[in-house]
Amino acid sequence: MYNQGPIYVTLAYDSATFGSTGSGDLGAGTYNGITFASGDKSTDVKVGGSYAMDAFLVNAVIEKTANTLLGVDTKGTNVYLAAKFNVNETDAVKAAYTKRGATTGATNDASQYAIGYDHAMGKNTSVYALYTKVTDNAPAAADPSITSVGLKYSF
């Protein structure tokens, strides 16, 4: 991890091997939303960073995934981009874009964007409004959207 002034950068690595009871590996089952059998493996590498400048903040994360599921190898790449602009001391506009890349041999890519507005009512209380839209290219997938409004209180 690097965190100096307006720049923040991080790198993460995650690897899991699935086995049977007593093998020293994770037991077969569901991990990251995928069902694994004994001998399967999941590996993820992520690099992310942010840059802050005056009223702007931008973030980015890139993730590479590799799974072995029932002897079949699959790979994918996911991207997340976000930005925040502080309109003044109490208000901020936020936007985000996420892209799930298609997994090797599948048509399952998807994208999502979100735009929102936050308003701080006090030191611990804020209100927000958010609109999110998903476009999923997986077979028979829906393309939902949602509008949210809420109140957040930090203890």
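Quick note: structure is the one above.
Now for a look at the structure at hand. (Residues numbered from 1 in each chain as written. Predicted model: local features only at pLDDT ≥ 70, side-chain atom pairs only at ≥ 80, totals over all residues. Heavy atoms only, no water.)

**Description of the environment of Asn86**
With respect to the element layout, Asn86 can be found in strand E8 (residues 72-86). For the pair Asn86 and Phe56, spaced 30 residues apart in sequence, the C-alpha to C-alpha distance is 6.6 Å. Here Asn86 is in contact with Ala55, Asp91 and Ala92, once residues within four sequence places are set aside. (Helix = DSSP H or I, 4+ residues; strand = E, 2+ residues; numbered from the N terminus. Contact = heavy atoms within 4.5 Å.)

**Brief notes about the side chain of Asp91**
Summarising the element assignment, Asp91 is placed in strand E9 (residues 91-100). One buried charged residue, Asp91, remains without a salt bridge, the closest side chain of opposite sign being Lys84 at 11 Å. One polar contact links Asp91 to Thr90, side chain to side chain, over a distance of 3.3 Å. Other than its neighbours up to four places away in sequence, Asp91 contacts Phe85, Asn86, Tyr117, Asp118 and His119. (Buried < 20%, exposed > 50% of the residue type's maximum accessible area, 1.4 Å probe, protein only. Lys, Arg positive; Asp, Glu negative; His and termini not counted. Salt bridge = Lys/Arg side-chain N within 4 Å of Asp/Glu carboxyl O. Polar contact = N/O pair within 3.5 Å; in protein donor to acceptor, adjacent residues only side chain to side chain.)

**Describing the pattern of salt bridges**
One pass over the structure, following the stated rule, counts 4 salt bridges. Linking Lys99 and Asp109 is a salt bridge whose minimum nitrogen-to-oxygen distance equals 3.2 Å. Here Lys99 is found in strand E9, whereas its partner Asp109 is found in the loop between E9 and strand E10 (110-120), with 10 residues between them in sequence. The partly exposed category is assigned to Lys99, whose relative accessible area is 27%. Given a relative accessible area of 16%, Asp109 falls into the buried group.

**Some points on the pairing of strand E2 (residues 7-19)**
Two strands pair when backbone bridges link them, and strand E1 (residues 2-4) and E2 are joined in this way by 3 bridges, in the antiparallel orientation. Paired with Asn3 across the bridge in E2 is Tyr8. Two successive antiparallel strands, E1 and E2, enclose a turn made up of 2 residues, where Gly5 displays a positive phi of approximately 60°. The sheet contact formed by E2 and strand E6 (residues 41-53) spans 11 bridges and is antiparallel. By the bridge assignment, Thr10 is partnered in E6 with Gly48. (Pairing = 2+ DSSP bridges.)

**Some thoughts on the packing of aromatic side chains**
In total, this model carries 3 aromatic pairs according to the counting rule given. Between Phe56 and Phe85, the aromatic rings sit 4.8 Å apart at their centres with planes inclined by 40°, giving tilted as the arrangement. Note that Phe56 is positioned in strand E7 (residues 56-69) and Phe85 in strand E8, a separation of 29 residues in sequence. Since its relative accessible area comes to 45%, Phe56 is described here as partly exposed. The class of Phe85 is partly exposed, set by a relative accessible area of 33%. Between Tyr153 and Phe155 the ring centres are 5.0 Å apart and the planes differ by 80°, which places this aromatic pair in the edge-to-face class. Judged by relative accessible area, Phe155 falls into the exposed class, the value being 93%. (Phe/Tyr/Trp six-rings, centres within 6.5 Å; stacked < 30°, edge-to-face > 60°.)

**A short note on the environment of Ala96**
When you line up the elements, Ala96 lands in strand E9. C-alpha separation for the pair Ala96 and Ala60, spaced 36 residues apart in sequence, amounts to 9.6 Å. Leaving out residues up to four positions away in the same chain, Ala96 has contacts with Tyr80, Leu81, Ala82, Gln112, Tyr113 and Ala114.

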